[in-house]
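# Secondary and tertiary structure notes
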Number of protein chains: 2
Amino acid sequence: MSLKKLAEHLGLSQTTVSRALNGYSDVSKETRERVSIAAKELGYRPNESARRLATGRSNIIGVAFPTDENKLVDPHFTEFLSGLAERAAEHDYDVLLSATKGDDWKGLKRVVSSRTVDLVVLPSVDVSGEQISLVKSLDIPFVVHGRVKDRNDYAFLDIDNYQVFYQPTKMLIDLGHKNIAILNGPRNRNYTNERLRGWQDALAEIGIEAPAGYDAHARMTEAEGFAMAMELLSRPDRPTALVCSSTLLASGAYRACSQLQLVVGRDVSITAHDDELPFLSAMSFDPPLAVTRSSIRAAGREVASIVNRYLLGESWQSLQTIWQAELVYRASVAPLKAS
Amino acid sequence: MSLKKLAEHLGLSQTTVSRALNGYSDVSKETRERVSIAAKELGYRPNESARRLATGRSNIIGVAFPTDENKLVDPHFTEFLSGLAERAAEHDYDVLLSATKGDDWKGLKRVVSSRTVDLVVLPSVDVSGEQISLVKSLDIPFVVHGRVKDRNDYAFLDIDNYQVFYQPTKMLIDLGHKNIAILNGPRNRNYTNERLRGWQDALAEIGIEAPAGYDAHARMTEAEGFAMAMELLSRPDRPTALVCSSTLLASGAYRACSQLQLVVGRDVSITAHDDELPFLSAMSFDPPLAVTRSSIRAAGREVASIVNRYLLGESWQSLQTIWQAELVYRASVAPLKAS
DNA sequence: CTTATCTTCCAAAGCGCTTTGGAAACTTGG
DNA sequence: CCAAGTTTCCAAAGCGCTTTGGAAGATAAG
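Residues numbered from 1 in each chain as written. Chains lettered and ligands numbered in written order. Predicted model: local features only at pLDDT ≥ 70, side-chain atom pairs only at ≥ 80, totals over all residues. Heavy atoms only, no water.

## Comments concerning helix 9 (residues 190–205) of chain B
All names here are of chain B. Over its 16 residues, helix 9 extends 23 Å from the first C-alpha to the last, a length consistent with the 22 Å expected when each residue adds 1.5 Å. Every buried residue of helix 9 is accounted for by Asn190, Thr192, Glu194, Arg195, Leu196, Gly198, Trp199, Ala202 and Leu203. Just beyond helix 9, the residue with positive phi is glycine 207, at close to 75 degrees. (Helix = DSSP H or I, 4+ residues; strand = E, 2+ residues; numbered from the N terminus. Expected span 1.5 Å × (residues − 1). Buried < 20%, exposed > 50% of the residue type's maximum accessible area, 1.4 Å probe, protein only.)

In structure tokens, the structure reads:
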């Protein structure tokens, strides 16, 4: 079923049918009605390739998709992507994955220079900002999830990562803790460094400088969390509280505590940042895990909305968004017992 | 840079330039050379939309992407997708996600009927086979990861799920175990049922019928694994061995053992099916986890290859592939001690 | 040298849509 | 009743590529 046939069937011109379907004003109410009914009946669907060729826009947004295991191949990414795809669909955009393996951005370059996508989303950038430089040189609009320090000439959605660690650290201090260690993410991420600063500043405020090694860094998996927690909790100057960058890390830390016969919420206080991974509810930890919470799926949705507004003509200046994470107090933290 | 300009620049016709670039035989060696050099120099990239319109093919493969948490929003899916996207890129296909939320297949229908995608990949089908019926009614080629019982009129890649549980169960029996329970996946999946049968048959061979409740079913997450293992291992007729459908479940089972003061590989033997999730290496479990192994990422890659061959004209009959999983013996299993 | 056969190239016709620049019919105000 | 809008429709020109159906020149065969 093509436009042409539909038009013939209706005894109208292609122009009129096209404009009726696309909501232009120069077509009468009755005609519009008649057209859309016929279109539905005959199951007419415009051929997207043709429309794209004619308009120059593809209604597809590309996502740089790191396929190597060193990067973001993890549940956090899936969640983000789900939210993005969901909202994008509502705005009639499709999401195209552009597999990038390591430093090989060939795929991305291809979909960009062949006009396959209207815009690129960078779901994960490292501190170097090279991904941003690359996409910028390709001269295509883009939106970033996260940020690169000292550089903000683009549209982005990020959370206030400084607060993500500052808040719980401050809270733990208020509860009497002094030996507070962190299980943080990979060093080459901006959010990791922001969180690190938040923790350092909170400690500095009461004149504490954390012992060497109190800041552990690794990929955010259960296994790494377990390993880092085991190491930290076996030290002579054992921390009384752990602040984790992900509930996955916290899950590993819980396992370490259990193995070391330490009771979470009594011997060790634990908090984490909660991206709300669907299979790992902080509430159902035992004891329930105190968290700074910010849904990464909602972030995906919001990015899709930002993309939409960007393509509708808003400036990147007006599309920089920073979300605050709320601190939820739960039984995994407790005041420090005098020992 | 368009074909037309490139042709003018070279003093050739569009036809010749197009055919030179696309490797047709009716263009001389020197001309072809000259054209491809110029194309590279001027950074010419064919406009994909135009090519799609002209050829009728989009070189995009659609993936039905379930965005609701009840389904496959988990690391297994990401891994699969990574493999798929990677190999697809090698064959010059792009991967487009079609978000489907619950039973709402609107997105899929749209990309299909608007000719946005050449083919659809179903990464996850339930036992009802309704996804297959739907896609079939859309009259578009499709490839399935997995299978639906009693129905195999389509191209698919699956693993021999019967063996996935039969093999380890048999091995555990050989080691003297009799009380063998399973931590299986969701009931509405074909692989779950196949595995169930494999386990039942292995037991039946030595005349055992498992006690009620020895077959536990849930989503394949660490938390569910923990819960199911806790329940099973707390029974009066405690199983001496657990066969798990995923390393994530096994990870939860390990935690349960640790909590119950049971030593894996001594008090309880555990095996699992290993999809080779990158952040959860069976080898680095403590003790190392015995598994049936089959990389789900490799499966993604293979599906992309199947897609490629399908679109090149092979029949679905010739594209039905079943992989065997190999059984790897490790310290998480041990002969049953006489008690 | 003529005829048949390759080899190499090209003009032009689409692919299915959007959009421009009117034209025709219908209203309105004077 | 006429001129000046308004409203509603349409013919035709692209968008940038592929593909068909030759044509011209070079080569081989008779």
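## Focus: the interface of chain A and chain B
Contact residues are listed per partner, giving 44 residues for chain A and 44 residues for chain B. Counting the surface lost from both chain A and chain B, the interface buries some 4,400 Å², and carbon and sulfur atoms represent 57% of this. At the boundary of chain A with chain B, the tally comes to four salt bridges. Salt-bridge contacts for Asp94(B) lead to Arg110(A); the nearest nitrogen and oxygen are separated by 2.6 Å. Joining chain A to chain B, the criterion identifies twelve residue pairs in polar contact (both at pLDDT 80 or more). Only helix 4 (48–55), strand 1 (60–66), helix 5 (75–90), strand 2 (94–100), helix 6 (106–113), helix 10 (222–233) and helix 11 (247–259) of chain A provide two or more residues apiece to the side of chain A that touches chain B. Top contributing element to the side of chain A that touches chain B by residue count: helix 5 of chain A, with eight residues. Across the side of chain A that touches chain B, the residue classes break down as 19 nonpolar, eleven polar and 14 charged. As paired elements, strand 2 of chain A and strand 2 (residues 94–100) of chain B share three bridges and run antiparallel to each other. (Contact = heavy atoms within 4.5 Å. Buried area = accessible area lost by both parts, 1.4 Å probe. Salt bridge = Lys/Arg side-chain N within 4 Å of Asp/Glu carboxyl O. Polar contact = N/O pair within 3.5 Å; in protein donor to acceptor, adjacent residues only side chain to side chain. Nonpolar A, V, L, I, M, F, W, Y, C, P; charged D, E, K, R; others polar. Pairing = 2+ DSSP bridges.)

## Concerning the protein's contact with DNA strand D
Looking at DNA strand D, there are 27 residues lining it, with Thr15(A), Thr31(A), Leu3(B), Ser18(B) and Tyr24(B) nearest. Within 4 Å of the protein, the atoms of DNA strand D are drawn from sugar and phosphate moieties in a proportion of 59%. Elements with a contribution of two residues or more to the surface near DNA strand D: helix 2 (14–21) and helix 4 of chain A together with helix 2 (14–21) and helix 4 (48–55) of chain B. Taken together, the residues that form the surface near DNA strand D break down as ten nonpolar, 13 polar and four charged. (Near = heavy atom within 4 Å.)

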